[in-house]
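Summary of structural features
Here is what each chain is made of, one letter per residue.
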Amino acid sequence: MTDNRGGTAAGAVLGAATVATGLIAGVWFAYVCSVMPALARSDDRVFVEVMRNINDVIQNPVFFTPFFGALILTAVAAWQLRSTPARIWGIAALVLYVAVFAVTSAVNVPLNDALAAATDPVRARADFEAPWVAWNLVRAVLTTAGFVCLLRALAVRRAR
């Protein structure tokens, strides 16, 4: 049952949104601190081949469930928190995750698609690596900030 005053169902949705957002923040963070620095040591052919493989295998339910789930659950949580003191944190988390979704859709996915279609690994890497790494860092920061907002919403909700 949905309780717009922040009842048990709202707490479950907020908790699930927090977990899903935390998982996605962890994915982006893993790229920032390990995947991309490791690939930076590779030659162009290996870099392109591995990134293509990653882009293929990440398209699975284990990734898509929290990626899309974080957006949906955070939107529902923000709605459920609308008349509580935690509302600002839910709204902030939603705005941040919508920004992550927009960056992913407008920048990272098109870069992935261009990499998949490229024929020259040297040119492909030159066009892909720097912008993809930079925008992934943006996603990591935004998602982590959204995660922190959801944690704060949980804390405010519990304190009432």
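Since the model is a prediction, treat every value here as computed from it, not as a measurement.

Rules and cut-offs
- Residues numbered from 1 in each chain as written.
- Predicted model: local features only at pLDDT ≥ 70, side-chain atom pairs only at ≥ 80, totals over all residues.
- Heavy atoms only, no water.
- Helix = DSSP H or I, 4+ residues; strand = E, 2+ residues; numbered from the N terminus.
- Buried < 20%, exposed > 50% of the residue type's maximum accessible area, 1.4 Å probe, protein only.
- Contact = heavy atoms within 4.5 Å.
- Areas by Shrake-Rupley, 256 points an atom, 1.4 Å probe, with all protein chains shown as cover.
- Axes fitted to C-alpha atoms, helices over the stretch in contact; angles between N-to-C directions.
- Parallel < 35°, antiparallel > 145°, perpendicular 65-115°, else oblique.
- Left-handed = near helix turned anticlockwise from the far one by under 90°.
- Nonpolar A, V, L, I, M, F, W, Y, C, P; charged D, E, K, R; others polar.
- Phe/Tyr/Trp six-rings, centres within 6.5 Å; stacked < 30°, edge-to-face > 60°.
- Salt bridge = Lys/Arg side-chain N within 4 Å of Asp/Glu carboxyl O.
- Patch = residues over 30% accessible without salt bridge, like charges linked within 9 Å, V, L, I, M, F, W, Y side chains within 5 Å.
- Expected span 1.5 Å × (residues − 1).
- Bend = angle between axes of the 7 residues up to and from the residue.
- pLDDT = per-residue confidence, 0-100.

1. Here we look at the overall build of the protein
Helix and strand content of the protein: 5 helices and 0 strands. Listing the helices and strands of the protein from first to last along the sequence gives α-α-α-α-α. Dimensions along the principal axes, computed over C-alpha positions, put the protein at roughly 55 × 25 × 20 Å. Across the 160 residues of the protein, 39% fall into the buried class. The long-range fraction of contacts in the protein, counting pairs at least 24 apart against all pairs at least 6 apart in sequence, stands at 81%. Of the roughly 8,300 Å² that the protein leaves accessible, carbon and sulfur atoms contribute 69%.

2. Concerning the packing of helix 3 (residues 61-80) against helix 4 (residues 87-117)
Between helix 3 and helix 4, the least distance of the axes is 9 Å, while the angle of their chain directions is 150°. When the axes of helix 3 and helix 4 are compared, the pair comes out roughly antiparallel. Here helix 3 runs over helix 4; the crossing is left-handed. Between helix 3 and helix 4, the residues in contact are Pro 66, Phe 67, Phe 68, Ala 70, Leu 71, Thr 74, Ala 75 and Ala 78 and Gly 90, Ile 91, Ala 93, Leu 94, Tyr 97, Val 98, Phe 101 and Thr 104, respectively. Class assignment of the residues belonging to the contact of helix 3 with helix 4 gives a composition of 13 nonpolar, 3 polar and no charged.

3. Comments concerning the environment of Asn 112
Locating Asn 112 in the fold gives a position in helix 4. If sequence neighbours within four positions are ignored, Asn 112 has contacts with Asn 55, Phe 128 and Trp 132.

4. Quick notes on the packing of aromatic side chains
Tallied over the full model, the rule gives 12 aromatic pairs. When the centroid spacing of 6.2 Å and the interplanar angle of 75° are considered together, the rings of Trp 28 and Phe 67 count as edge-to-face. Pair noted here: Trp 28 is in helix 1 (residues 8-40) and Phe 67 is in helix 3, with a separation of 39 residues, a long-range link. Given the relative accessible area of 5%, Phe 67 is considered buried. Judged by centre distance (5.8 Å) and plane angle (20°), the rings of Phe 128 and Trp 132 are stacked.

5. Some words on the pattern of salt bridges
As enumerated under the stated definition, the model contains 4 salt bridges in all. A salt bridge links Arg 125 to Asp 44; the shortest N-O distance between them is 3.2 Å. Of the two residues, Arg 125 is situated in helix 5 (residues 121-159) and Asp 44 in helix 2 (residues 44-57); the sequence distance between them amounts to 81 residues. Relative accessible area serves as the criterion here: at 8%, Arg 125 is assigned to the buried category. Its relative accessible area of 25% is what places Asp 44 among the partly exposed residues.

6. Comments concerning a nonpolar patch on the surface
Together, Phe 29, Val 32, Leu 137 and Val 141 give the surface a local cluster of nonpolar side chains, amounting to about 350 Å² of exposed area. With respect to the helices and strands, the residue Val 141 is situated in helix 5.

7. Quick word on helix 1
In an α-helix, one turn spans 3.6 residues; hence positions three or four apart end up facing the same way. Spanning 33 residues, helix 1 covers 47 Å between terminal C-alpha atoms, matching the ideal 48 Å at 1.5 Å per step. The sharpest bend along helix 1 comes to roughly 45°, located at Tyr 31.

8. Brief notes about the confidence of the model for the protein
Averaged over the protein, the pLDDT score is 95; the fraction of residues at 70 or greater is 95%. Across residues 1-5 the pLDDT falls below 50, and counting only partners more than four positions away or on other chains, this stretch makes 12 contacts in the model.

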